[in-house]
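# Structure assessment
Here are the chains, one letter per residue:
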Amino acid sequence: IFFLRPKPPKPVPTQRVEKNDLIQTISVTGDVDAEKDVELKFEIGGKLQTLNIKKGDRVKKNQVIATLDQATALKNLKTTLLNYSLQRNTFDQTVQSQPAHTPSDALNENMKKLLENNQYNLDLAVNSVELQDLARQKSILTTPIDGIVTRSDVKTAGITISTTTTFGVTDPNSLSFRMEVDEADISKVTEGQEVDVNLNAYPDEKL
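Residues numbered from 1 in each chain as written. Predicted model: local features only at pLDDT ≥ 70, side-chain atom pairs only at ≥ 80, totals over all residues. Heavy atoms only, no water.

Attention now moves to the overall build of the chain. The helix and strand tally for the chain stands at two helices and 10 strands. Along the chain, from the amino end to the carboxyl end, the secondary structure elements read β-β-β-β-β-α-α-β-β-β-β-β. Computed over C-alpha atoms, the radius of gyration of the chain comes to 37 Å, more than 25% over the 17 Å expected from 2.2 N^0.38 for 207 residues, which places it beyond the range of a compact globule. Oriented by its inertia axes, the alpha-carbon framework of the chain measures out at about 145 × 40 × 25 Å. Buried residues in the chain amount to 23% of all 207 residues. Relative to all contacts within the chain whose residues are 6 or more apart in sequence, the contacts with residues 24 or more apart total 71%. Treating the 25 positive side-chain charges of the chain as one cloud and the 29 negative ones as another, the clouds have centres 8 Å apart. (Helix = DSSP H or I, 4+ residues; strand = E, 2+ residues; numbered from the N terminus. Rg over C-alpha atoms; globule rule 2.2 N^0.38 Å. Buried < 20%, exposed > 50% of the residue type's maximum accessible area, 1.4 Å probe, protein only. Contact = heavy atoms within 4.5 Å. Lys, Arg positive; Asp, Glu negative; His and termini not counted. Charge placed at Lys NZ, Arg CZ, Asp CG, Glu CD.)

Encoded structure:
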């Protein structure tokens, strides 16, 4: 009787049926890209006089990022302005002392050459002022777009920088994620579909 007794039935695992959404996911990798992204550099090297930003700051279009020491540029500009003033006085005096005021109205060749050289000297003085003003402008770095400072090769003013020192500004409103979806999964993707994005720099955050 003991040997013929049947074994107890094995319990069957069960699970309560619940109504839920069926979720199907695909995972792909890609890169962050920005349509508005600029790298700013000074055209000339020199001592960094002011640094108005740091990485992570928001900036506005045409805002001054940094400036180089302008002492030399301003002195050169002042000198050329003085030279221009002297040349302007000489030009006016020469014109007033001659019967003709323009080379085309000159009475003889000597008068024509005198008036032409007078005009050339004045043009050179004007050109020198413009060149010195351009040199001054090159010591001021501004951003051409609104955005966030994403790069700053220096953190403090008072140091000498070169033309390779870079400041980066990115418009966050122009950011996009570019991803390659396998052809076997492309049918699972539709326009307007929500996606979860994880960035390597912030592994614990989900966008």
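Structure's up, so let's keep going.
This paragraph deals with the side chain of serine 139. For serine 139, the location among the structural elements is in the loop between helix H2 (109-137) and strand S6 (140-142). Judged by its relative accessible area of 2%, serine 139 is buried. If near-sequence neighbours (up to four positions away) are discounted, serine 139 is found in contact with Phe42, Ala66, Thr67, Leu68 and Gln70.

Further remarks concern the sheet that holds strand S8 (residues 160-161). In space, the four strands of this open sheet follow the order S6-S5-S3-S8, with antiparallel pairing throughout. In this open sheet, the two edge strands, each paired with only one partner strand, are S6 and S8. Of the strand pairs in this sheet, strand S5 (residues 64-68) and S6 are connected by three bridges, and their pairing is antiparallel. Looking across to S6, one finds that threonine 67 is bridged to isoleucine 140. (Pairing = 2+ DSSP bridges.)

Note on soluble globular proteins: their nonpolar side chains tend to be buried together. Leu40, Phe42, Leu48, Leu51, Ile53, Ile65 and Phe167 are the most contacted members of the largest nonpolar core, which has 17 residues in total. Elements that contribute at least two residues to this core include exactly strand S2 (37-40), strand S3 (46-51), S5 and strand S9 (167-170). It is S5 that provides the largest number of residues to this core, a total of three residues. If sequence neighbours within four positions are ignored, leucine 48 has contacts with Phe42, Ala66, Thr67, Leu68, Val154, Thr156, Ala157, Gly158, Ile159 and Ile161. (Core = buried A, V, L, I, M, F, W, Y, C linked by side-chain atoms within 4.5 Å.)

Here we take up the pairing of S3. On any regular strand, side chains alternate: one points to one face of the sheet, the next to the other face. Sheet topology note: the S3/S8 ladder contains two bridges and is antiparallel. Among the inter-strand pairings, glycine 46 is bridged to a residue of S8, identified as isoleucine 161. Strand direction decides the pairing type here: S3 and S5, joined by three bridges, are antiparallel. Note on S5: the bridge partner recorded for leucine 51 is alanine 66.

Right, let's get into the sheet that holds S2. The strand order S2-S9-S7-S4 describes an open sheet built from four strands, whose pairing is antiparallel. If you trace the sheet from one side to the other, it starts and ends with S2 and strand S4 (58-59), each paired once. Pairing of strand S7 (residues 147-152) with S9, which is carried by four bridges, proceeds in the antiparallel orientation. For isoleucine 148, the partnering residue across the bridge sits in S9 and is threonine 170.

Take H2 next. In a regular helix each residue adds 1.5 Å, so 29 residues correspond to 42 Å; H2 covers 42 Å between its end C-alpha atoms and thus fits that length. Here H2 has its buried residues at Met111, Leu115, Glu116, Asn118, Leu122, Ala125 and Val129. (Expected span 1.5 Å × (residues − 1).)

Let us look at the environment of glutamate 35. Within the secondary structure layout, glutamate 35 lies in the loop between strand S1 (30-34) and S2. Accessibility expressed as a relative area gives 69% for glutamate 35, which makes it exposed.

With that out of the way, let us pick up unusual backbone geometry. Of note in this structure, asparagine 62 is not a glycine but carries a positive phi near 70°. Locating asparagine 62 in the fold gives a position in the loop between S4 and S5.

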